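Residue strings, one per chain:
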Amino acid sequence: MNAATVAGEGFWGHSPEAPLDLAGLNDAQAAGIVARLRDRTTGAFAEAAARTGYCSHPIRLHGTSTTIDAATGEVLSQFSSTDAPLGTLYRACGNRRESVCPACSRVYARDTFEMIRAGLLGGKTVPDAVADSPLVFATLTAPSFGHVHGTGGKRGGRCRPHGTGVCPHGRPRSCTAQHSDTDPVVGGPLCEDCYDWHSAVVWQWHAPELWRRFTIALRRQVAGRFGVPESALRDVASVQFAKVAEYQVRGLVHFHALIRLDGPDGPGSPAPLDGETLAQAAKDAARSVVVTAPPVDGGDVPRVLRFGKQLDVRCVRSGVPDNDDGTDDLRPEQVAGYLAKYSTKGTGTDPYAPRPHHQRLIRTCRWLAERARTACRGLAGPDPEDDGGCTCGQCADSPYRLLTKWAHMLGFRGHFSSKSRRYSIPLGRLRRARARFQKLKADADRDGAPMDTADLENRLLADDEDTTLVIGHWTYAGTGWTNPGDKALADAAAARAREYAQWKAEVRRILAGV
């Protein structure tokens, strides 16, 4: 695609000759679509689906709401689910995982991108001067709990050709196969009996605490470079970050983080350290962090947990005037795109064909939780009514009794996307801005007048409280589309919307000459 083509042609998917891709429909989906055509409700469905952003599993609600002017008490409008398309109010599920809902995860990724980008380059209420602050991109990994199968790296070499001999269980310590990314053995151990499954789950369970201690250690490292105690760091500098967690194919998370250093006057104020020094402080902090995990039961032992040896810390921006930015060719917007993409990834566990080692981690989570619960019951014996949480009062200090609740996440219970308070604009504020924009657009469409775009961004992002009060009475009616054909159409429309977004991004890239 070249600039001339971009200027002369539009998105191919807008053509009447480009219908939605509905290949692979099963009989139930096809019958559902035909039923919509027969009862002439396709228009109502299209409107309901568009309002949810073509969500795969929308929430269905029945009820009413009344909008009142908070100052005068005047009733401004009333709404009932019976007035909605299909007679039910459909709301997007809002799930961040692409494997669960591609449409909602794309919205989450866009919000995350804007939040991270604002902390990198300014905008969205963040001062533009942050674009000159020192910036570091760090990746903190999980340690090894045994050798696993791999793809041989980017060059597609052999899995693990350099091992010699056999393990104590008689299995080879090497693997000379060439695995593809989709091979179910990739990420799984060479020997299941040698792999430390228990420690892997315990590490995953305590990974959020490792991250928390890393942020504390980082501030101490930065304070040490100024020769001041951590309590006095705010007088000389401020460390801000945005972090996402990503599952590796072996089923353990690692953390990607953007770390920015500001001056004492907040975002955009001159930072007293350069990016290289900040990167070294991050490395020293990551290597120093330790968490001592308590034993699961009386037959277990405490474990000393750390981050893995594969520590990657890169200086993206030095923050020094007239100096080359960083030591790598990473661009700030490129990093923001990475983190936004990582934030929508799930465990990588395919519910229809899960990898064997992911299944083993799930079973290990449940087994360790049962050990923690059984150990505290003592002579009382197991409680047949136990639903996963012991009430004996003797195991209150055991964190592992809740592992079953997080087994589907392979034991990880932390936030997948988080940031420090002053790094950037909160995601909640971006969501409120989107809701305000939708209301302004709906009002303009209803009145038949053009929408007032003067100072639009500041008005949307204003932190003032709404002047209206909404009183609603709603009941939950279910989750998901009631017609299998509806879900197929919504998913196809969401896929076309993603193709359009990718096309627009490519157009911008070409026109910018990147």
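Residue numbers here run from 1 along each chain, matching the order of that chain's written sequence. Since the coordinates come from a predicted model, pLDDT governs what is reported: local features require at least 70, and pairs of side-chain atoms require 80 or more to be given and counted, while whole-chain, interface and lining totals use all residues. Heavy atoms from the whole structure form the basis of all side-chain values; hydrogens and water molecules are not counted.

### A few points about the overall build of the protein
So, point 1. The numbering of helices and of strands both runs from the N terminus, where a helix is a DSSP run of H or I of at least 4 residues and a strand a run of E of at least 2. For the protein, the count of helices and strands is 11 helices and 11 strands.
So, point 2. In what follows, residue pairs with any heavy atoms lying within 4.5 Å of each other are defined as contacts. Expressed as a percentage of contacts within the protein between residues at least 6 apart in sequence, the contacts between residues at least 24 apart total 72%.

### Digging into the environment of Ala 242
So, point 1. As for its placement among the helices and strands, Ala 242 is situated in strand S5 (residues 238-247).
So, point 2. For every residue, the accessible area (1.4 Å probe, protein chains only) is compared with the maximum for its type, and the residue is labelled buried under 20%, exposed over 50%, or partly exposed between those bounds. With relative accessibility at 2%, the residue Ala 242 sits in the buried group.
So, point 3. Taking the C-alpha atoms as reference points, Ala 242 and Met 115, 127 residues apart in sequence, are found 8.9 Å from one another.

### Details of the confidence of the model for the protein
So, point 1. Known as pLDDT, the predictor's confidence for each residue is given on a scale from 0 to 100. Per-residue pLDDT for the protein averages 85, and the proportion of residues at 70 or more is 88%.
So, point 2. Note on residues 379-389: pLDDT is under 50 here. Beyond four places in sequence and across chains, it has 7 contacts.

### Focus: the pairing of strand S2 (residues 75-80)
So, point 1. Note on pairing: DSSP must find at least two bridges between two strands before they are called paired. As paired elements, strand S1 (residues 59-69) and S2 share 5 bridges and run antiparallel to each other. Within the sheet, the bridge partner assigned to Ser 65 lies in S2 and is Phe 79.
So, point 2. Connecting S1 to the next strand, S2, in antiparallel fashion are 5 residues, including Gly 73 with a positive phi near 80°.

### Observations concerning the environment of Thr 52
So, point 1. Mapped onto the fold, Thr 52 is located in the loop between helix H3 (42-51) and S1.
So, point 2. Among the polar contacts listed, one links the side chain of Thr 52 to the backbone nitrogen of Tyr 54, at a separation of 3.4 Å.
So, point 3. In this structure the side chain of Thr 52 is engaged in a polar contact, spanning 3.3 Å, whose partner is the backbone nitrogen of Cys 55. For this analysis, a polar contact is any N or O atom pair within 3.5 Å, provided that within protein one partner can donate a hydrogen and the other can accept it, and provided that sequence-adjacent residues contribute only side-chain to side-chain pairs.

### A closer look at the pattern of salt bridges
So, point 1. Here, a salt bridge means any Lys or Arg side-chain nitrogen found within 4 Å of an Asp or Glu carboxyl oxygen. Throughout the structure, instances matching the rule amount to 17 salt bridges.
So, point 2. Close ionic contact of Lys 487 with Asp 491 constitutes a salt bridge, the shortest N to O distance being 2.7 Å. With Lys 487 and Asp 491 both in helix H11 (residues 484-511) and 4 residues apart, this pair spans about one turn of that helix.
So, point 3. Using a relative accessible area of 24% as the deciding quantity, one classes Asp 491 as partly exposed.
So, point 4. A network of salt bridges, in which partner residues are shared, links Glu 209, Arg 212 and Arg 213.

### Details of the packing of aromatic side chains
So, point 1. Side-chain rings of Phe, Tyr and Trp, where Trp is taken by its six-membered ring, are said to pair if the distance between their centres is within 6.5 Å; with planes under 30 degrees apart they count as stacked, over 60 as edge-to-face, and otherwise as tilted. Overall, the coordinates contain 13 aromatic pairs when judged by the stated rule.
So, point 2. A ring pair is formed by Trp 211 and Phe 241, whose centres lie 5.4 Å apart and whose planes are at 75°; its orientation type is edge-to-face. Of this pair, Trp 211 sits in helix H5 (residues 197-226) while Phe 241 is found in strand S5, placing the two residues 30 residues apart along the sequence. In this structure, Trp 211 and Phe 241 share a single accessibility class: buried.
So, point 3. One aromatic cluster is present, built from ring pairs that chain together Trp 211, Phe 214, Phe 241, Tyr 247, Phe 255, Phe 307, Phe 412 and Phe 416.
So, point 4. Above the plane of the ring of Phe 416 lies Arg 96, whose end atom (NZ or CZ) is 3.7 Å from the centre.
So, point 5. In our convention, an over-ring charge means Lys NZ or Arg CZ found within 6 Å of a ring centre and within 35 degrees of that ring's normal. Cation over ring: Arg 413 sits above Trp 205, and NZ or CZ is 4.1 Å from the ring centre.

### What about the nonpolar core?
So, point 1. For our purposes a nonpolar core is just a set of buried Ala, Val, Leu, Ile, Met, Phe, Trp, Tyr and Cys residues, chained together by side-chain atoms within 4.5 Å. Counting 60 residues, the largest nonpolar core has Trp 203, Phe 214, Leu 218, Val 222, Phe 255 and Ile 259 as its most contacted members.
So, point 2. Among the elements of the structure, strand S4 (135-140), H5, S5, strand S6 (253-262), helix H6 (275-288), strand S7 (291-293) and helix H8 (356-377) are those that each provide at least two residues to this core.
So, point 3. Here this core gets 14 residues from one element, more than from any other, and that element is H5.
So, point 4. Filtering out sequence-adjacent residues up to four positions away, Val 222 remains in contact with Leu 233, Val 239, Leu 261, Leu 273, Leu 278 and Ala 281.
So, point 5. The next biggest cluster of nonpolar side chains, apart from the first, holds 22 residues, and it includes Leu 135, Ala 242, Leu 258 and Ala 433.

### Points about the packing of helix H4 (residues 102-121) against helix H7 (residues 332-342)
When two helices pack together, their arrangement is given by the angle between their axes and by how far apart the axes lie.
So, point 1. For helices, the axis comes from a line fit to the C-alpha atoms of the stretch in contact; other axes are also lines fit to C-alpha atoms, and the angle between any two N-to-C directions lies between 0 and 180 degrees. Closest axis-to-axis distance for the H4/H7 pair is 8 Å, and the angle between their directions is 145°. Considering the relative orientation of H4 and H7, their crossing is right-handed. Here Ala 109, Thr 112, Phe 113, Ile 116, Arg 117, Leu 120 and Leu 121 of H4 lie close against H7, whose contacting residues are Pro 332, Glu 333, Ala 336, Gly 337, Leu 339 and Ala 340.
So, point 2. Residues are grouped as follows: nonpolar covers Ala, Val, Leu, Ile, Met, Phe, Trp, Tyr, Cys and Pro; charged covers Asp, Glu, Lys and Arg; every other residue, Gly included, is treated as polar. Among the residues forming the contact of H4 with H7, the class breakdown is 9 nonpolar, 2 polar and 2 charged. Each helix crossing is assigned a hand: it is left-handed if the near helix lies turned anticlockwise from the far helix by less than a right angle, otherwise right-handed if that turn is clockwise.

### Section: H11
So, point 1. By definition here, a helix of n residues has an expected span of 1.5 Å times n minus one. Along its 28 residues, H11 runs 41 Å from first to last C-alpha, staying within 8% of the 40 Å computed at 1.5 Å per residue.
So, point 2. Taken residue by residue, H11 has Gly 485, Asp 486, Ala 488, Leu 489, Ala 490, Ala 492, Ala 493, Ala 494, Arg 496, Trp 503, Val 507 and Ile 510 as its buried positions.
So, point 3. Of the residues that open H11, the one with a side-chain oxygen 2.7 Å from the backbone nitrogen of Gly 485 is Asn 483.

### Focus on the sheet that holds S4
So, point 1. Taking strand neighbours across the sheet as the criterion, the 5 strands line up as S9-S4-S6-S5-S10 in an open arrangement whose pairing is antiparallel. At either end of the open sheet lies a strand with only one pairing partner, and these are strand S9 (312-317) and strand S10 (417-419). Pairwise comparison of adjacent strand axes, ignoring direction, gives a mean angle of 15° for this sheet.
So, point 2. In this sheet, S9 lies alongside S4 in antiparallel orientation, the contact comprising 5 bridges. Residue pairing for S9: Leu 135 is matched across the bridge by Arg 317.

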